[in-house]
Amino acid sequence: MSTPSIQLRTGYKMPLVGLGTWKSTKGQVQSAVECAIECGYRHIDGAWIYQNEGEVGKGIAKMIKENKVKREDLFITSKLWNIFHNPELVRPAVMKSLEKLGLDYLDLYLIHNPCGEKYISDEEQFPKGPDGAPLYDDVDYVQTWKAMEELQKEGLVRSIGISNFNQYQIDRILKECSILPAVNQFEIHPYFTQNDLVNFCKSKGIVVTAFSQFGSPDRPWATPNDPVLLEDPGLVEIAKRLKKTVAQIILRYFIQRKVVVIPKSVTSERIKSNIQVFDFELSQKDMDAVSSANRDYRISTWIWIAGHKYYPYRQNYSE
Ligand SMILES: NC(=O)c1ccc[n+]([C@@H]2O[C@H](COP(=O)([O-])OP(=O)(O)OC[C@H]3O[C@@H](n4cnc5c(N)ncnc54)[C@H](OP(=O)(O)O)[C@@H]3O)[C@@H](O)[C@H]2O)c1
């Protein structure tokens, strides 16, 4: 069984639906990965900072051992965390993820965020000084990218990309680097459609992956007063009319826009239904209705790095 995919500039194919794994706890994530592979997922989105790559790897290994899937049919993503931005730390960082995952190559490796943070130890993932202030490292993300290029040349990763980069930052990579990003992964959902950045990436041959496409209802900083995307009346109306779930309407909306989705779930019924999005189509009217829900509502502000030289979400950015 193969899920529809999109071709990257490296020639490799990336399945349009993957399983997100942020916040999926140890004890939950292995069975989520196994369930996803059983349901037909071939794409798993992870990251070193999620601190669960060991369990993700166990799920992958079990499915391969039981002949449910072959390694070459899987598309596994990890991300370089902020404390590993110094070029000499990039290769050791990917090796740590590969070891945890039990793999000898990644399909995609992303710089998680353009902002570096000071490396103290692997345990200090959000390093702070004695005054409690975050310790930034202003290593230029272009230098980090050049170290990422070496990983691709060496075959440790098949494609490299970025995450949470703004247009100015992407432009610098395009102008100053030799291997161009295959993917940019950033927050996109019907309350934050980010049309300009999506169109910019597409115009440069960069495939877009939407994260938090359901509005990340389990994000740790959610408050009871926040808008709940999965309960949006306009989306509920479309879902009822088409006899689908709101989640399926959102996923289908992005797939029709050729945007890759990586819904996170540890619930088997949801994992299963989140990939059942290839047997129906949204009309242009319904696509427009989903787009009109946009309210430029950003959920992931990465607030602790807001003072960083390369913080990507400042207005009129030019660093
Ligand atoms: N690059 C980055 O900086 C970055 C940032 C954020 C996220 N990501 C990636 O993107 C993935 C997805 O984003 P996210 O985790 O923020 O949130 P999300 O996928 O928007 O939402 C996940 C939440 O939705 C629930 N859910 C899943 N399917 C559902 C369904 N069919 N009906 C109702 N609820 C459903 C999940 O519940 P249960 O799990 O309880 O089923 C969970 O609470 C992450 O897991 C991660 O891999 C990347």
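Numbering of residues begins from 1 in every chain and follows the order in which that chain's sequence is written. This being a predicted model, a pLDDT of at least 70 is required before a residue's local features are given, and a value of 80 or more before pairs of side-chain atoms are given or counted; all residues contribute to the totals for chains, interfaces and linings. The side-chain quantities take in all heavy atoms of the structure and omit both hydrogens and water.

S.K.: I'm lost on the overall build of the chain in this one. Help?
M.R.: Going along the chain from the N terminus, every DSSP run of H or I of four or more residues is numbered as a helix, and every run of E of two or more is numbered as a strand. A count of helices and strands for the chain gives 10 helices and 12 strands. The C-alpha atoms of the chain give 19 Å as radius of gyration, which agrees with the globular expectation for 319 residues (20 Å, within 12%). Its C-alpha atoms give the chain principal-axis dimensions of about 55 × 50 × 40 Å. When accessible area is computed with a 1.4 Å probe and restricted to protein chains, residues below 20% of their type maximum are described as buried, those above 50% as exposed, and intermediate ones as partly exposed. Within the chain, the proportion of its 319 residues that are buried is 56%. Every residue pair with non-hydrogen atoms within 4.5 Å of one another is taken to be in contact. Looking at the chain alone, contacts between residues at least 24 apart form 75% of all its contacts between residues at least 6 apart. In the structure as shown, the chain presents an accessible area of about 13900 Å², 49% of it carried by carbon and sulfur atoms. Counting rule applied: Lys, Arg positive; Asp, Glu negative; His and chain ends not counted. Here the site of a charge means NZ on Lys, CZ on Arg, CG on Asp, or CD on Glu. For the chain, the distance from the average position of its 40 positive side-chain charges to the average position of its 39 negative side-chain charges is 5 Å. Restricting the calculation to C-alpha atoms gives the radius of gyration, and the globule rule supplies 2.2 Å times the number of residues raised to the power 0.38. Residue-level accessible areas treat just the shown protein chains as cover; the underlying method is Shrake-Rupley with a 1.4 Å probe.

S.K.: What exactly am I supposed to notice about unusual backbone geometry here?
M.R.: Working note: non-glycine residues mostly have negative phi, and peptide bonds are mostly trans. In this model, Q51 sits at a positive phi of 55°, which is unusual for a non-glycine residue. Within the secondary structure, Q51 sits in the loop between β4 (43–45) and α2 (53–65). Relative accessible area serves as the criterion here: at 34%, Q51 is assigned to the partly exposed category. For K243, which is not glycine, the phi dihedral falls at a positive 55°. The topology assignment puts K243 in the loop between α7 (233–242) and α8 (246–256). For K243, a relative accessible area of 73% corresponds to the exposed category.

S.K.: Where do I start with the sheet that holds strand β10 (residues 183–187) in this structure?
M.R.: Hydrogen bonds between backbone groups are what pair the strands of a sheet, and the pairing can be parallel or antiparallel. Strand order across the open sheet formed by 8 strands is β3-β4-β5-β6-β9-β10-β11-β12, with parallel pairing between neighbours. Single-partner strands in this sheet number two, and they are β3 (19–20) and β12 (260–261). As defined by bridge partners, strand β9 (residues 157–163) adjoins β10 across 2 bridges and the pair is classed as parallel. Across the sheet, I162 pairs through a bridge with N184, a residue of β10. Strand pairing follows a simple DSSP-based rule, namely that at least 2 bridges must link the two strands.

S.K.: Honestly, the site of the ligand in this entry has me stumped. Any pointers?
M.R.: Summary of the distance rule: residues count as near a molecule or strand when at least one heavy atom falls within 4 Å of that molecule or strand. Every one of the 30 residues lining the ligand counts as a neighbour, but D45, S216, K264, S265 and T267 are closest to it. In protein, a polar contact means a hydrogen-donor-capable atom and an acceptor-capable atom, both N or O and within 3.5 Å, with residues adjacent in sequence counting only if both atoms are side-chain atoms; elsewhere, any N or O pair within 3.5 Å suffices. T267 is positioned with one of its side-chain polar atoms (N or O) 2.6 Å from an oxygen atom of the ligand. A distance of 2.9 Å separates an oxygen atom of the ligand from a polar atom in the side chain of R270. Protein burial of the ligand: of its 910 Å² of free accessible surface, 91% is covered by the chains. Every definition here rests on a 1 Å grid over the protein atoms only: cavities are sets of points where a 1.4 Å probe fits but cannot get out, pockets are open sets enclosed by protein on both sides within 12 Å along at least five of seven lines, and lining residues have some atom within 4 Å of a point. Being in a pocket or cavity means that more than half of the molecule's atoms lie within 2 Å of its grid points. If you map the ligand onto the pockets, it falls in the largest pocket. Residues belonging to the shell around the ligand are distributed by class as follows: 11 nonpolar, 13 polar and 6 charged. Ten residues, namely Ala, Val, Leu, Ile, Met, Phe, Trp, Tyr, Cys and Pro, are considered nonpolar, four, namely Asp, Glu, Lys and Arg, are considered charged, and the remaining ones, Gly among them, are considered polar.

S.K.: Looking at this structure, I do not really get the packing of aromatic side chains. What am I missing?
M.R.: Aromatic ring pairs: the centre-centre distance and the angle between the two ring planes describe each pair. Stacked, tilted and edge-to-face are the three classes applied to pairs of Phe, Tyr and Trp rings, where Trp contributes its six-membered ring and a pair requires centres within 6.5 Å; stacked means planes under 30 degrees apart, edge-to-face means over 60, and tilted covers the rest. A complete count under the given rule lists 11 aromatic pairs for this structure. Between Y141 and F165, the aromatic rings sit 5.4 Å apart at their centres with planes inclined by 80°, giving edge-to-face as the arrangement. You can see Y141 sitting in helix α4 (residues 141–154) and its partner F165 sitting in the loop between β9 and α5 (167–176), a full 24 residues away along the chain. This pair shows no difference in class: Y141 is buried, exactly as F165 is. Ring centres of Y311 and Y313 lie 5.5 Å apart, and the angle between their planes is 75°; this geometry places the pair in the edge-to-face category. A residue is classified by how much of its surface remains accessible, and Y313, at 18% relative accessible area, is buried. Through a chain of ring-to-ring contacts, three or more aromatic side chains come together here, namely W81, F126, W302 and W304. The ring of Y141 carries R172 above its face, with NZ or CZ at 5.0 Å from the centroid. Here, a charge over a ring means that NZ of Lys or CZ of Arg falls within 6 Å of the ring centre while also lying within 35 degrees of the ring normal. It is R295 that lies over the ring of Y191; its NZ or CZ is 4.0 Å from the centre.

S.K.: Is there a simple way to explain the layout of surface pockets in this structure?
M.R.: Rolled over the atoms, a probe sized like a water molecule indicates the empty space that remains. Grid points are joined across faces, edges and corners, and a volume is the space filled by probe spheres set on the points. There is about 960 Å³ of room inside the largest pocket. As for the largest pocket, its lining consists of 42 residues, and the residues nearest its centre are W22, K23, S212, S216 and D218. Considering every element that reaches the lining of the largest pocket, the biggest residue donor is helix α9 (residues 268–274), with 3 residues. Grouping the constituent residues of the lining of the largest pocket by class yields 19 nonpolar, 17 polar and 6 charged. Empty space within the second largest pocket amounts to approximately 500 Å³. As for the second largest pocket, its lining consists of 21 residues, and the residues nearest its centre are N166, Q194, L197, R298 and P312.

S.K.: I keep staring at α5 and nothing clicks. Help me out?
M.R.: One full turn of an α-helix is made of 3.6 residues, so residues set three or four places apart face in the same direction. Listed in full, the buried residues belonging to α5 are Q169, I170, R172, I173 and L174. In this structure, the buried residues of α5 make contact with α4, β9, β10 and α6 (195–203). Backbone nitrogen of Y168 and a side-chain oxygen of the N-cap are separated by 3.1 Å at the start of α5; the cap is N166.

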